[in-house]
Amino acid sequence: MAVMDPEARRAENLLKRRARRIAKRLSEMYPAAECALTHKSALQLLVATILSAQCTDRRVNMVTPALFARYPDAAAFAAADPEELQQLIHSTGFFRNKTRSILGACQRIEDEYGGKVPDNMEDLLTLPGVARKTANVVLGTWFGKNEGVVVDTHVFRITYRLGLTPKKNPAFTERRLMALLPRPGWTDFSHRVILHGRALCPARNPACRSCALERMCRKNGVEPAAPPGRRALQRTS
C-alpha cells in the first residue's frame, strides 16, 4: 500500500471535508431522498434497475405495474416466454438484452438461491445482467447494506462537476466516493445526487444561481453564461 506524502495527505483530508460538507448540504436540500424506481420487493427492484439502463426511471415506472402483475415472482419470470417479456418491456429500450438479463437472473435466483434475491455483493454479481451499480441499488435500497456507492450517469457527471472526482470511469468514481464519504451515507448520497441532477443540475444549462451548492462547486465542464447583451443579440440573430 502506497504511503501518501504530507502534501497529498493534506489535500485528501481537505477534499474529504469538502465532500462531507456537500453531502450535508444535499441532505438538507433533499431530506426524504429515496430510490425513484417503484418496487415492493427485492426482486421488483432488481428487475426495475435492470430496465433502467439507458432509460428514464419515469418510463420504467410506467412499464413495471403490468410487468409485475404478469410475473409476481422469480419463478414466473424464469418461466416467461421471451417474446412476451420483450413486448412488455419494449419501450424501455434494449429490450432483447434486458430480456436475456432478467430471464437469466431469475433462473439463477430460482436454481441457486431458492427464489430469493441474494443479499450480498458476491452472490448478486453472479446474476446475469447484474454489475456493481445494480447490486449497490438492491443492497443499499432494499437490504440497507452500504457495500458501495451507486454511480449512474447523474452521479458520475455531478461529482466531477463538483470537483470531488476526476472524470475517468464509473468504477474509479465509486472508489473515490467510498474513500471520501462515511459508509453509512453512501446510498442516501447517491439518491440525493440523482435528485439534484434532475431538479437543478442537468448536463446542460444547470441552474447554478438557484443552487445551494454553488459556492462549493468547481463547475467542471460548465460553460460560463454569456453576458446579458450577448444573449439578447443571439436571440435576435
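What comes next concerns the included structure. Here the structure is a predicted model, which is why all the values come from computation and not from measurement. Counting from 1, residues in each chain are numbered in the order their sequence is written. Under the rules for a predicted model, residues below a pLDDT of 70 receive no local features and side-chain atom pairs below 80 are neither given nor counted, while totals for whole chains, interfaces and linings still include all residues. Calculation of side-chain values draws on the structure's entire complement of heavy atoms; hydrogens and water are dropped beforehand.

### What to know about a positive patch on the surface
- Patches here are clusters of residues that have more than 30% relative accessible area and form no salt bridge, with a 9 Å joining cutoff for like charges and a 5 Å cutoff for nonpolar side chains (Val, Leu, Ile, Met, Phe, Trp, Tyr). Shrake-Rupley sampling with a 1.4 Å probe provides the accessible areas, and residues are treated as covered by the protein chains on show and by no other component. Here, a salt bridge means any side-chain nitrogen of Lys or Arg that lies within 4 Å of a carboxyl oxygen of Asp or Glu. Counted as positive: Lys and Arg. Counted as negative: Asp and Glu. His and the chain ends are not counted at all. Where a charge lies is defined by one atom per residue type, namely NZ (Lys), CZ (Arg), CG (Asp) and CD (Glu). Together, Arg10, Arg17, Arg21 and Arg218 make up a region of like positive charge exposed at the surface.
- Strands here are runs of E lasting at least two residues and helices are runs of H or I lasting at least four, both read from the DSSP assignment and numbered beginning at the N terminus. Looking at where Arg21 falls in the secondary structure, it is placed in helix H1 (residues 6-29).
- A relative accessible area of 45% places Arg21 in the partly exposed class. Any residue under 20% of the maximum accessible area for its type is buried, any over 50% is exposed, and the rest in between are partly exposed; the area is computed with a 1.4 Å probe on protein chains only.

### So, unusual backbone geometry
- For Gln54, which is not a glycine, the phi torsion comes out positive at approximately 55°.
- With respect to the helices, strands and loops of the structure, Gln54 is situated in the loop between helix H2 (42-51) and helix H3 (57-70).
- What makes Gln54 exposed here is its relative accessible area of 67%.
- In this structure, Asn205 takes a positive phi of about 55° despite not being glycine.
- Note on placement: Asn205 falls in the loop between helix H11 (186-199) and helix H12 (228-236).

### What to know about helix H6 (residues 95-113)
- One less than the residue count of a helix, multiplied by 1.5 Å, gives the span that helix is expected to have. The end-to-end C-alpha distance of H6, which contains 19 residues, comes to 25 Å, matching closely the 27 Å that a straight helix rising 1.5 Å per residue would cover.
- The criterion used for residue contact is that any of the two residues' heavy atoms lie within 4.5 Å. Among the structural elements, H2, helix H4 (74-78) and helix H5 (82-89) are those in contact with the buried residues of H6.

### A look at a negative patch on the surface
- On the surface, a cluster of negative charge is contributed by Asp73, Glu110, Asp111 and Glu112.
- Along the polypeptide, Asp111 turns up in helix H6.

Keep in mind that these numbers describe shape and distance, not what the molecule does.
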